[in-house]
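Structural overview
Residues per chain, in single letters:
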Amino acid sequence: MIQTQNPTTGVVERHFTSLTPHQVSVALDRADMAQRSHKTTSFSQRGACVTQLAALLLAEKNHYAALMTREMGKPLTQAVAEVEKCAAACAYYAAEGESLLAPRREKNALIRYDPLGLILGVMPWNFPFWQVIRCAVPVLMAGNGFLLKHASNVPQCALAIQDLFAAAGFIPNLFQTLLVEKEAVAAIIADDRIRGATLTGSEAAGASLASLAGAALKPTVLELGGSDPFIIMPSADLDRAAEAAVQARMLNTGQSCIAAKRFVIHSDVYDAVVQRILAHVDALSVGDPLDPRHNLGPLATQGIRAGLTHDVKATLAAGAKALRTGGPTDGPGFFYAPTVLAEIPMDAPAARKELFGPVVSLYRIATQDEALALANSTPYGLGASVWTHDETEKNFFADGLDAGSITMNGMVRSDPALPFGGVKASGYGRELGPEGIRSFTNMKTLRGLS
Ligand code: NAP
């Protein structure tokens, strides 16, 4: 069901009808025509549209932020920051797109990054603008077209983004939002006009898209879930580490792929760190995400809240201790108060799965080997954060952690100029940076051209 259900109130505000297969086919035809013209445009023409896109985003940032908050409950101040980050990514690709895709010489050949054609992007609701912009802008800069299948709970964001690309001056229909349910994705991927696909979301969705694309021999990039470790060793600055720990866990009300989800703390500093973490958790305020006094809004959907409630209960039933018992709150909306779990058995959901919400999972370890083994013990490998001032320890974790991105003494963040992605069940391929813009290109080897 494609609809806006405000997670702050639980009220369904708008329903949308899915496109029929015929309407999807017409959209693909139009996008295909548009891409044939777009691929002949210069980088400066494309860059001008992307620059205009950034200007439009910033000019109405409060409007787009409020739309996100209405559809998925993100605190408004964080939604404004998300729009600003989108504009920064546009600025990066407008300035650097041409040089990142510049042809290069190898031996006697020229290697050129030509566009592939139409790319399908299947996107999640948790960063409804950022996920789309970071993926679509490099795809268009490279000369491709983009078709967006956004999450079913953020249709108004999806339509607003389509309007933004049109208003920015891109050829009409080059970027289109397809309001369709997930069941429609198989036929779209199989369509000859689609030349590649990217999905940001859960492993199940990623595996399904990858197998469909594999059957049709089309390239994919998958940005999937994570259960990032946040390791604190004795030499760390404990005040900074504890403050960053709670920030890294609670951003977007705990619904971020690169949120720190498991806190792996050395026994020498465990009590001191936990005391600090609890103080920061106790200072959090849950409530109306439009009110800047609250740092946590509701969870995005009733289903997310039910899943989280189930996983926390199962973790406690397996023997974990609750240092703070939050959980679903009474009253309207999908609110969930922060929860802190300790002494978690390794077969409990909190140790194995990605908990998508404001739940802190604490682990005590005695050695760096134990920390590494615990950090690598989930199926995921997206990000990791390590807090230590010991250089040998830093290198030990840099070498040993299964993660696409590791930050020493800081939170894991994405940056438009740096490749972003994961290993293991967190996916494959990269978005952002030079690697991101080359993901959907034909790396053409040309001999005999001067
Ligand atoms: P989800 O259920 O996988 O949904 C994501 C998108 O995939 C939605 O558009 C959804 O459409 C679609 N989808 C779901 N099942 C599909 C299928 N079988 N075939 C085709 N499309 C399908 O993910 P979610 O639970 O809402 O989102 C949160 C997940 O995304 C978390 O695991 C999070 O860690 C991950 N994520 C990863 C990154 C990253 O960069 N690595 C970034 C953000 C989020 P419908 O809405 O219509 O079901």
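Within every chain, residues take consecutive numbers counted from 1 along the sequence as written. For a predicted model such as this one, the threshold for reporting local features is a pLDDT of at least 70, and the threshold for listing and counting side-chain atom pairs is 80 or more; totals across whole chains, interfaces and linings nevertheless cover every residue. Excluded from the side-chain calculation are hydrogens and water; included are all heavy atoms of the structure.

Some remarks on the site of the ligand
Heads up, the condition is: Nearness here has a simple test: a residue counts as near a molecule or strand if at least one of its heavy atoms is within 4 Å of that partner. Residues adjacent in sequence count toward polar contacts only when both atoms are side-chain atoms; beyond that, a polar contact is any pair of N or O atoms within 3.5 Å, and within protein one must be able to donate a hydrogen and the other to accept it. Where accessible areas are quoted, they stem from the Shrake-Rupley method and a 1.4 Å probe; at the residue level, only the protein chains shown are allowed to cover. A 1.4 Å probe that fits but cannot get out identifies a cavity on a 1 Å grid over protein atoms alone, an open set with protein on both sides within 12 Å along at least five of seven lines counts as a pocket, and a residue lines either if it has an atom within 4 Å of a point. Should more than half of a molecule's atoms lie within 2 Å of a pocket's or cavity's grid points, that molecule is taken to sit in it. Numbering of helices and strands starts at the N terminus; helices are DSSP runs of H or I of at least 4 residues and strands are runs of E of at least 2. For this classification, the nonpolar set comprises Ala, Val, Leu, Ile, Met, Phe, Trp, Tyr, Cys and Pro, the charged set comprises Asp, Glu, Lys and Arg, and every other residue, Gly included, is treated as polar. Segmentation of the chain into domains, including their bounds, is taken from an automatic or database domain assignment.
The local shell around the ligand holds 27 residues, among which Trp125, Ser152, Ser202, Leu224 and Glu354 are the closest. Alanine 151 places a polar main-chain atom, nitrogen or oxygen, 3.4 Å from an oxygen atom of the ligand. A distance of 3.5 Å separates a nitrogen atom of the ligand from a polar backbone atom of glutamate 223. Relative to its free-state accessible area of 900 Å², the ligand is covered by the protein chains to the extent of 86%. More than half of the atoms belonging to the ligand lie within 2 Å of the grid points that define the largest pocket. For the shell around the ligand, the secondary structure elements donating two or more residues are α5 (130-141), β8 (194-200) and α8 (203-215). Within the shell around the ligand, the residues separate by chemical class into 12 nonpolar, 10 polar and five charged. When residues of the shell around the ligand are sorted by domain, at least three fall in each of domain 1 (2-224 + 426-447) and domain 2 (228-408).

Concerning the pairing of strand β5 (residues 118-122)
Keep this limit in mind: Burial here depends on accessible area, computed with a 1.4 Å probe over protein chains only, as a share of the maximum for the residue type. Under 20% is buried, over 50% is exposed, and the range in between is partly exposed. Look down the strands so they point away from you; if the path from the first strand over the helix to the second goes clockwise, the crossover is right-handed. A pair of strands counts as paired when DSSP detects no fewer than two bridges linking them.
The buried fraction of β5 is high, at five of five residues. The two faces of β5 match: Leu118, Leu120 and Val122 on one face and Ile119 and Gly121 on the other face are all buried. Once the chain exits β5 it traverses α5 before rejoining the sheet at strand β6 (residues 145-149), and the crossover so formed is right-handed. The sheet contact formed by β5 and β8 spans five bridges and is parallel. Residue pairing in the sheet places leucine 120 in a bridge with alanine 197 of β8.

A few points about the pattern of salt bridges
Pairing of side chains with opposite charge becomes possible as their charged atoms draw close. Our working rule: Put simply, a salt bridge is a Lys or Arg side-chain nitrogen that is within 4 Å of an Asp or Glu carboxyl oxygen.
In this structure the tally under the stated criterion is 18 salt bridges. With a closest N to O distance of 2.8 Å, glutamate 82 and lysine 74 form a salt bridge. For lysine 74, a relative accessible area of 2% corresponds to the buried category. When the shortest N-O distance is used, the salt bridge between aspartate 311 and lysine 353 registers 3.0 Å.

Considering the side chain of serine 385
Put simply, the test is: Note on contacts: a residue pair is in contact if any heavy atoms of the two residues lie within 4.5 Å.
Take serine 385: it is sitting in strand β17 (residues 383-387). Among all residues touching serine 385, those that are not within four sequence positions of it are Pro229, Phe230, Ile231, Thr407, Gly410, Met411 and Val412.

Points about the pairing of strand β11 (residues 260-266)
Buried residues dominate β11, accounting for seven of its seven residues. Across five bridges, the pairing between strand β10 (residues 228-232) and β11 is parallel. Note that in β11 the partner of proline 229 across the bridge is arginine 262. In this fold, β10 hands off to helix α9 (residues 238-250), which returns the chain to β11; that crossover is right-handed. Direction of pairing for β11 relative to strand β16 (residues 359-365): parallel, over a ladder of five bridges. Considered in β16, the bridge of isoleucine 265 is made with arginine 364.

What about the packing of helix α3 (residues 61-72) against helix α6 (residues 155-167)?
Filter applied, for reference: Fitted lines through C-alpha atoms serve as axes, helices being fitted only where they are in contact, and the angles separating the N-to-C directions of these axes extend from 0 to 180 degrees. Should an angle lie under 35 degrees it is considered roughly parallel, over 145 roughly antiparallel, and from 65 to 115 roughly perpendicular; all remaining angles are considered oblique.
The interhelical angle for the contact between α3 and α6, taken along N-to-C directions, is 155°, at an axis separation of 9 Å. Judged by the inter-axis angle, α3 sits roughly antiparallel to α6. Here α3 contributes Tyr64, Leu67, Met68, Arg70 and Glu71 to the contact with α6, which in turn contributes Pro155, Gln156, Cys157, Ala160 and Leu164. Tallied by class, the residues present in the contact of α3 with α6 amount to seven nonpolar, one polar and two charged.

Re helix α10 (residues 270-282)
Definition in use: Multiplying 1.5 Å by the residue count of a helix minus one yields the expected span of that helix. An arc is given here, and it is the one of the directions from the helix axis to the C-beta atoms.
The terminal C-alpha atoms of α10 lie 18 Å apart, and with 13 residues this matches the ideal 18 Å at 1.5 Å per residue to within 8%. Every buried residue belonging to α10 is among Tyr270, Val273, Val274, Ile277, Leu278 and Val281, and all of these are buried. Axial view of α10: buried residues confined to an arc of 135°, hence all on one face. Among the exposed residues of α10, those oriented more than 90 degrees off its buried face are Asp271 and Gln275. Packed against the buried residues of α10 are β10, α9, β11, β12 (321-324), β15 (339-342) and β16.

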